Amino acid sequence: MNDAQYDVVVVGGGPSGATAANELAMQGRKVLLLERAFRIKPCGGAVPPCLLDEFSIPDSLVVAKINSARMISPTDRTVDMPISNTFVGMVDRDAFDPWLRERAQKNGADLHIGVFKGLHYDDSGIVHLAFESKQGARGLQTVTTRCVIGADGARSKVGKQTIPCSAKLQWVMAYHEIVEAPQAPASEAYNPKRCDVFYQGDLSPDFYAWVFPHGKHASIGVGSEQKTFSAPASVAKLRAKTGLEHCTTVRKEGAPIPMKPLKRWDDGRGVLLAGDAAGVVAPASGEGIYYAMLCGRIAAVAMNRFLVSNDARDLRRARKDFMALHGRVFWALGLLQRFWYGSDKRREKFVSMCRDKDVQELTWQSYTTKKLVRRRKAAHFRVVVKDLQQLMGFAGS
């Protein structure tokens, strides 16, 4: 194969792309990390403590440690879910993402501000990738590379050009407003150590709304699949409902959040998708940072194999390896979202189920460690039975 300027071009500098670029650079690969414009993605910012260890993230990037969550039902009934012996970390994407990109850069990746425009293969299999540069010598530029990782979001341009099923990616439109957090002591309406999740149809007809503390700031947001849904109006209603309407707004952000992994992540030649572009955001919860970074790492491993073997079957292993780890969880959460979010009657029952101690303990164990505790088979069985009882009760609804 002919020489190329880069071993890998990573398109997209969010958690997945930055992680992939860092992993490949640390393996001695020549990497170009192409970031569009350092745009901040709307995100609640929650990360499990295992992420900090697995990806060597400094504690200084954690702006808050949450020790409980509150679920609010359509009738305003509340269920508190305390977190025992651990926490949920909160990060601000305006600091977290740049840190990840800078780490990749320090480890040898070339970081460039530019907008992906397209790619094509030449007869020898080298990829010619065009982008519009936003720094230095501005304008249209082309680089050559042996392979490409598309980590450019739910509406991935890399995916749309190279992998047909990308056009079928299912997503929820998320919108949030970052505000200056109240300076008063913790109250029923806002607690800097608690995440509030609203399962109310007037705030979101098919997903949920949230108030997540971020230290000096708070994220107030909502998501929905419905194209006619007004997320800004819903957030305004939520701010009034929680007494946060007079808090100073720092910024407003909106973007699509995928809800189901794509059936295929590679083009069979030299392109591989990762992160939101591959659809790896957990259904029901919308959790994405951990899965994006894990996907980026797995994509880097697969790409490294491909660079050695030149066998495109190594690219396909990325999706297989990721789904082997988390496919069952994504499937179960997808069922949860489709059923329990379907009406306020069902949301009411879902919040009631969250009072159950087995549900609470297994929820936090699986979230904070990203592993199911196999020795607690009896608790798993009780949760399944209770869930089936609720499903049967709603069979005619």
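Preceding this section is the structure that the text describes.
Cut-offs and rules
- Residues numbered from 1 in each chain as written.
- Predicted model: local features only at pLDDT ≥ 70, side-chain atom pairs only at ≥ 80, totals over all residues.
- Heavy atoms only, no water.
- Pairing = 2+ DSSP bridges.
- Helix = DSSP H or I, 4+ residues; strand = E, 2+ residues; numbered from the N terminus.
- Patch = residues over 30% accessible without salt bridge, like charges linked within 9 Å, V, L, I, M, F, W, Y side chains within 5 Å.
- Areas by Shrake-Rupley, 256 points an atom, 1.4 Å probe, with all protein chains shown as cover.
- Salt bridge = Lys/Arg side-chain N within 4 Å of Asp/Glu carboxyl O.
- Lys, Arg positive; Asp, Glu negative; His and termini not counted.
- Charge placed at Lys NZ, Arg CZ, Asp CG, Glu CD.
- Buried < 20%, exposed > 50% of the residue type's maximum accessible area, 1.4 Å probe, protein only.
- Axes fitted to C-alpha atoms, helices over the stretch in contact; angles between N-to-C directions.
- Parallel < 35°, antiparallel > 145°, perpendicular 65-115°, else oblique.
- Left-handed = near helix turned anticlockwise from the far one by under 90°.
- Contact = heavy atoms within 4.5 Å.
- Phe/Tyr/Trp six-rings, centres within 6.5 Å; stacked < 30°, edge-to-face > 60°.
- Lys NZ or Arg CZ within 6 Å of the ring centre and 35° of its normal.

A.B. asks: Explain the pairing of strand β10 (residues 139-150) to me, please; I cannot follow it from the model alone.
C.D. replies: In regular strands, side chains alternate between the two faces of the sheet. Note that strand β1 (residues 6-11) and β10 share five bridges and pair parallel. Bridging from a neighbouring strand, Val 10 pairs with Ile 149 of β10. In sequence, strand β9 (residues 127-133) turns back onto β10 through a hairpin of five residues, with Gly 136 there showing a positive phi of about 60°. As judged from the three bridges shared by β10 and strand β16 (residues 271-273), these two strands associate in the parallel manner. Counterpart to Ile 149 in the pairing with β16 is Leu 272.

A.B. asks: Whenever I open this one, a positive patch on the surface confuses me. Can you help?
C.D. replies: Among the surface-exposed residues, Arg 36, Arg 155, Lys 157 and Lys 160 lie close enough to one another that they form a single positively charged patch. Among the secondary structure elements, Lys 160 is positioned in helix α4 (residues 157-162). Lys 160 gets classed as exposed once you look at its relative accessible area, which sits at 54%.

A.B. asks: For this particular structure, what's the right way to read the sheet that holds strand β3 (residues 46-47)?
C.D. replies: Strand pairing in a sheet relies on backbone hydrogen bonds, with the paired strands running either antiparallel or parallel. The sheet built from three strands is open, its strands ordered β3-β7-β4 with antiparallel pairing. One side of each edge strand has no neighbouring strand; the edge strands of this open sheet are β3 and β4 (62-66). Both β3 and strand β7 (residues 88-91) contribute to a ladder of two bridges, which runs antiparallel. Each bridged residue has a counterpart across the sheet, and for Ala 46 the counterpart in β7 is Met 90.

A.B. asks: Could you clarify how one ought to interpret the pattern of salt bridges in this entry?
C.D. replies: Opposite charge on two side chains lets them pair, provided their charged atoms get close. Under the definition given, this model contains 18 salt bridges. The shortest N-O distance in the salt bridge between Glu 253 and Arg 251 comes to 2.1 Å. Between Asp 266 and Arg 264 there is a salt bridge, with its nearest N and O atoms 3.3 Å apart. Accessibility expressed as a relative area gives 30% for Arg 264, which makes it partly exposed.

A.B. asks: For this particular structure, what's the right way to read the packing of helix α1 (residues 15-26) against helix α3 (residues 93-106)?
C.D. replies: To characterise two packed helices, one gives the angle between the axes of the helices and the distance between these axes. Viewed as axis vectors pointing N to C, α1 and α3 meet at an angle of 20°, and their least axial separation amounts to 8 Å. Between α1 and α3, the angle falls in the class roughly parallel. Crossing hand, α1 versus α3: left-handed. Note on element contacts: α3 touches α1 through Arg 93, Phe 96, Asp 97, Leu 100, Arg 101, Arg 103 and Ala 104, opposite Pro 15, Ala 18, Ala 21, Asn 22 and Ala 25.

A.B. asks: Got a minute to help me understand the environment of Ala 318 in this structure?
C.D. replies: Its place among the elements puts Ala 318 in helix α7 (residues 313-340). The exposure class of Ala 318 is buried, given its relative accessible area of 1%. Through-space distance from the C-alpha of Ala 318 to that of Gly 296 is 9.4 Å; in sequence the pair is 22 residues apart.

A.B. asks: What am I meant to see in the packing of aromatic side chains here?
C.D. replies: Pairs of aromatic rings are described using the distance from one ring centre to the other and the angle between the two planes. Taken as a whole and judged by the stated rule, the model has 17 aromatic pairs. Judged by centre distance (4.8 Å) and plane angle (85°), the rings of Phe 339 and Trp 340 are edge-to-face. The two residues Phe 339 and Trp 340 agree in class, both being buried. When the ring of Trp 340 is compared with that of Phe 350, the centres are 6.3 Å apart and the planes differ by 35°; the resulting orientation is tilted. Here the residue Trp 340 occupies a position in helix α7, and Phe 350 occupies one in helix α8 (residues 344-353), the gap between them amounting to ten residues. Each member of the pair, Trp 340 together with Phe 350, is buried. Cluster of aromatic residues (ring-pair linked, three or more members): Tyr 199, Phe 207, Tyr 208, Trp 210, Phe 212, Phe 339, Trp 340, Tyr 341 and Phe 350. Taking the ring centre of Trp 171 as reference, the NZ or CZ of Lys 227 above it sits at 4.7 Å. It is Lys 370 that lies over the ring of Tyr 290; its NZ or CZ is 5.5 Å from the centre.

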